[in-house]
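Residue-level structure breakdown
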Amino acid sequence: QAQTSLLAQVGLGHMEEGTKVLKKWPQGSKWCNPKGAQPALFAYNPGPKTKESALAKALVRFGPATGTRRHRHLTDLARVGVVFSNSCSLSLGLRTILSRFEVVR
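Residues numbered from 1 in each chain as written. Predicted model: local features only at pLDDT ≥ 70, side-chain atom pairs only at ≥ 80, totals over all residues. Heavy atoms only, no water.

**Re the overall build of the chain**
Note the following rule: Each helix is a run of H or I in the DSSP string that is no shorter than four residues. Each strand is a run of E no shorter than two, and both are numbered from the N terminus. For every residue, the accessible area (1.4 Å probe, protein chains only) is compared with the maximum for its type, and the residue is labelled buried under 20%, exposed over 50%, or partly exposed between those bounds. Contact definition: two residues touch when any of their heavy atoms are within 4.5 Å. Areas reported as accessible are Shrake-Rupley estimates using a 1.4 Å probe. Residue values count occlusion only from the protein chains shown.
Counting secondary structure elements, the chain contains four helices and three strands. Counting from the amino terminus, the chain carries its helices and strands in the arrangement α-α-β-β-α-β-α. The principal-axis extents of the C-alpha atoms in the chain amount to approximately 40 × 30 × 20 Å. Burial statistics for the chain: of 105 residues in total, 30% are counted as buried. The long-range fraction of contacts in the chain, counting pairs at least 24 apart against all pairs at least 6 apart in sequence, stands at 49%. With the model as given, the accessible surface of the chain reaches about 7,000 Å², and the carbon-plus-sulfur share is 57%.

**Observations concerning the environment of Arg-79**
What counts here: Whenever two N or O atoms come within 3.5 Å, that pair is a polar contact, provided that in protein one can donate a hydrogen and the other can accept it, and provided that, for residues adjacent in sequence, both atoms are side-chain atoms.
In this fold, Arg-79 is placed in the loop between helix H3 (51-66) and strand E3 (81-83). In this structure the C-alpha to C-alpha distance between Arg-79 and Pro-46, which are 33 residues apart in sequence, comes to 6.7 Å. Side-chain polar atoms of Arg-79 contact the backbone oxygen of Gly-47, separated by 3.2 Å.

**Re the packing of aromatic side chains**
Applied cut-off: Note on aromatic pairs: the rings of Phe, Tyr and Trp (six-membered ring only in Trp) are paired at centre separations within 6.5 Å, and the planes decide the class, stacked below 30 degrees, edge-to-face beyond 60, tilted for the rest.
Within the structure shown, the criterion is met by one aromatic pair. On the numbers, 5.4 Å between centres and 45° between planes, the contact of Trp-25 with Trp-31 is tilted.

**Focus: the nonpolar core**
Note the threshold: Buried Ala, Val, Leu, Ile, Met, Phe, Trp, Tyr and Cys residues that are joined via side-chain atoms within 4.5 Å together make up what is termed a nonpolar core.
The biggest cluster of nonpolar side chains holds 13 residues, and the ones touching the most others in it are Val-10, Leu-12, Val-21 and Trp-25. Setting aside its immediate chain neighbours within four residues, Val-10 contacts Trp-25, Pro-34, Lys-35, Gly-36, Ala-37, Ala-43, Val-80 and Phe-101.

Now the structure itself:
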């Protein structure tokens, strides 16, 4: 559900029912001129991080320091790639994204 919510907000610029978004923007495809990340050329849907990748990352990167609480540090389970034509567009797009989304660091 987090992945479909992210896709709707980036591609459409607003929330929409998850199944409709996935039909319009399936995993492995791009969305031209995404409204939620203007002035991006396109956004790419890589799909959510797989369970296997998430478990491996939690174990290797966070396990030694946090043990059984290692999964709470995973912040990249829902993902989308955004492509800009130049550095000026990237700067403007980053400001747009930061104003629309809660960016976890």
